[in-house]
Amino acid sequence: MDLYEHQARDLFAAHGIPVPRAEVTGSPEEARDIARRLGGRVVVKAQVRTGGRGKAGGVRIAADPVAAELVARQILGMDIKGHTVRTVMLAQPVDIEAEFYVGYVLDRAAGGFLAIASAEGGMEIEEVAATRPEAVARVPVSPAEGVTSAKAAEIAKAAGLPPQTADVLVRLWEVLVREDALLVEVNPLVRTPQGRILALDGKVTVDDNARFRQARWGDQDAEHDDPLEAAAAAKGLHYVKLDGEVGVIGNGAGLVMSTLDVVAGCGARPADFLDIGGGANARVMADGLSLVLSDPDVKSVLVNVFGGITACDAVADGIVRAVDSMHLTKPLVVRLDGNNAARGRALLEERAHPLVHQVPTMDGAARRAAELATTP
Ligand code: GDP
Ligand code: MN
């Protein structure tokens, strides 16, 4: 689970990493009061769990409290890469002499951690990493030894960072370990003209396996901007809204992802990803189908189930229940195979709804669903 910048900032502060004074709000009027408290001139920063806020216009300096209110009003409600801005952080502005990048990330392949650091941090870090990889140092960190002062000095030296950043590197490692993080990142870590080192932005990804120890963050991943995704989450469905017109439902993430590809290969675009999971029952299928059909973008629905633990007759039962409980106006293409497929197919044949079509193969079913979605 990713934390918001202001939460990362609070963790940094708690572990002794210098950060600017800052406060969070969802109200422009309150932004004005906060700016006044912080000394007038402030940086107003969109709080969304994605990078590139600066380039998207989500990080702006306001000269005084009145401007802070205005800027907050403009940033609140903005869409940044599909994330709606609901809160802003106001921070005391910092004069920047140099911007660095530092972070630790779990390196699963190596069975350890990796320190990543660069003396050329800031908004162009991806560009730097792509065009001049030698400007980004990568130093393995043993989980058992961690980042000692000596290790921190080694990382700073490898990246060409000033020696006084070593203290932050040690403390950032403490954040990773104590807060059960898989990734911690500071970009930019800055040096001011007075020689102070401060973390101006932070990203922390908390290991979901450690939620029992990190319960204070709650379930922020359950916050959805899309109303259909919110409805799906409320029903416990694994659903992602997409841009197309063919509703896709299947069992197992791998099968559903392949189904998206096959639909795209047929010249149509998937409207969603919905995985009813292994061992799905009729109710889950019915809930999923109702949800997908309620999407106004959907022109046809493709149900692709390869029964393993999930039994095809339970899926068919769910489809019949959903169809019986609503006025079906969109065509449904169903491919059932595997566990109890014969019984499942028979159930749908018995119901004989004119808009429900059965096709025995995945390719054939996808082609049919694509045709039904694209021909008026
Ligand atoms: P990101 O674009 O989502 O990574 O957002 P950041 O928090 O990193 O902000 C983007 C950029 O805004 C930083 O790289 C800085 O150059 C700039 N910035 C952020 N805070 C300050 C500040 O207090 N003073 C100045 N001068 N620039 C800032
Ligand atoms: Mn940043």
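Computed from a predicted structure; not experimentally measured.

## A word on the overall build of the chain
Along the chain, the regular secondary structure elements total 12 helices and 18 strands. If you line up the chain on its principal axes, its C-alpha atoms span 80 × 50 × 40 Å. Out of the 376 residues in the chain, the part that is buried amounts to 51%. Contacts in the chain between residues far apart in sequence, at least 24 positions, make up 68% of those at least 6 positions apart.

## A short note on the site of ligand 1
Taken together, 16 residues surround ligand 1, and among them Lys45, Arg53, Gly54, Val94 and Glu99 come closest. Gly54 places a main-chain nitrogen or oxygen 2.8 Å from an oxygen atom of ligand 1. In the complex, the protein chains occlude 82% of the 560 Å² of accessible area that ligand 1 would expose alone. Each of domain 1 (21–91) and domain 2 (98–216) gives at least three residues to the shell around ligand 1.

## Let's talk about the coordination of the manganese ion (ligand 2)
Metal coordination angles in their ideal form are 109.5 degrees for the four-donor tetrahedron and 90 or 180 degrees for the six-donor octahedron. Those donors, Asn187 (O) and Asp201 (OD), are the protein atoms that reach the manganese ion (ligand 2), and they lie 2.2 Å from it. Here the residue Asn187 occupies a position in strand β10 (residues 181–191), and Asp201 occupies one in the loop between β11 (197–199) and β12 (202–206), the gap between them amounting to 14 residues. Given a relative accessible area of 13%, Asn187 falls into the buried group.

## Remarks on the side chain of Glu179
Secondary-structure assignment places Glu179 in the loop between α6 (166–178) and β10. Here Glu179 is in contact with Leu11, His15, Glu174, Val206, Gln214 and Arg216, once residues within four sequence places are set aside.

## Observations concerning the sheet that holds strand β6 (residues 88–91)
The strand order across the open sheet formed by four strands is β1-β6-β2-β3, and the pairing between neighbours is antiparallel. Among the strands making up the open sheet, the edge pair consists of β1 (22–25) and β3 (59–62). Sheet twist, expressed as the mean angle between neighbouring strand axes with direction ignored, is 25°. Sheet analysis places strand β2 (residues 42–46) next to β3, joined by four bridges and oriented antiparallel. When the bridges of β3 are listed, Val43 appears paired with Ile61. On top of the sheet, helix α2 (residues 28–38) reaches β1, β2 and β6; it is set at about 175° to β1, its chief contact. Of the strands in this sheet, β2, β3 and β6 are in contact with helix α3 (residues 65–75), which crosses β2 at around 10°.

## Quick look at the packing of aromatic side chains
To describe a pair of aromatic rings, one takes the distance between the centres and the angle between the planes. As enumerated under the stated definition, the model contains two aromatic pairs in all. Each ring, one from Tyr104 and one from Trp173, has its centre 5.4 Å from the other, and the planes form 85°; the classification is edge-to-face. Of the two residues, Tyr104 sits in strand β7 (residues 98–107) while Trp173 sits in helix α6, which places them 69 residues apart along the sequence. No difference in accessibility class separates Tyr104 from Trp173, as the two residues are buried.

## Things to note about α6
Under the 1.5 Å per step criterion, the end-to-end length of α6 is 19 Å for 13 residues, consistent within 8% with the ideal 18 Å. Those residues of α6 not exposed but buried are Ala166, Val168, Leu169, Leu172, Trp173, Val175 and Leu176. What you see down the axis of α6 is that its buried residues fit within an arc of 165°, all on one side. Directly after α6, the chain includes Asp180, whose backbone phi takes a positive value near 55°.

## Considerations on the side chain of Lys45
Mapped onto the elements of the fold, Lys45 is located in strand β2. Polar side-chain contacts of Lys45 include one of 2.6 Å to the side chain of Glu5. Once residues lying within four places of it in the same chain are set aside, the contact partners of Lys45 are Glu5, Arg53, Gly58, Val59, Thr87, Val88, Met89, Leu200 and Asp201.

## Description of the sheet that holds strand β17 (residues 332–338)
Reading across the sheet, the six strands line up as β13-β15-β14-β16-β17-β18 and stay open at both edges, with mixed pairing between neighbours. Since the sheet does not close on itself, it has two edges, and those belong to β13 (238–241) and β18 (356–358), each with one partner. Pairwise comparison of adjacent strand axes, ignoring direction, gives a mean angle of 15° for this sheet. As paired elements, strand β16 (residues 300–307) and β17 share seven bridges and run parallel to each other. Bridge pairing links Asn304 to Arg335 in β17.

## Re the domain arrangement of the chain
For the chain, the domain assignment lists domain 1 (21–91), domain 2 (98–216) and domain 3 (225–374). Placing a centre on the C-alpha atoms of domain 1 and another on those of domain 2 gives a separation of 26 Å. At the junction of the two partners, domain 1 supplies four residues and domain 2 supplies four residues. Counting the surface domain 1 buries against domain 2, the share from its top three residues, Lys45, Arg53 and Lys55, is 86%. Along the contact surface separating domain 1 from domain 2 lie two salt bridges. The tally of links from domain 1 across to domain 2 stands at four residue pairs in polar contact (both at pLDDT 80 or more).

The rules behind these values
Residues numbered from 1 in each chain as written. Chains lettered and ligands numbered in written order. Predicted model: local features only at pLDDT ≥ 70, side-chain atom pairs only at ≥ 80, totals over all residues. Heavy atoms only, no water. Helix = DSSP H or I, 4+ residues; strand = E, 2+ residues; numbered from the N terminus. Buried < 20%, exposed > 50% of the residue type's maximum accessible area, 1.4 Å probe, protein only. Contact = heavy atoms within 4.5 Å. Near = heavy atom within 4 Å. Polar contact = N/O pair within 3.5 Å; in protein donor to acceptor, adjacent residues only side chain to side chain. Areas by Shrake-Rupley, 256 points an atom, 1.4 Å probe, with all protein chains shown as cover. Domains from an automatic or database assignment. Donors = N, O, S within 2.8 Å, 3.2 Å for Na, K, Ca; no water. Pairing = 2+ DSSP bridges. Axes fitted to C-alpha atoms, helices over the stretch in contact; angles between N-to-C directions. Phe/Tyr/Trp six-rings, centres within 6.5 Å; stacked < 30°, edge-to-face > 60°. Expected span 1.5 Å × (residues − 1). Arc of directions from axis to C-beta. Buried area = accessible area lost by both parts, 1.4 Å probe. Salt bridge = Lys/Arg side-chain N within 4 Å of Asp/Glu carboxyl O.

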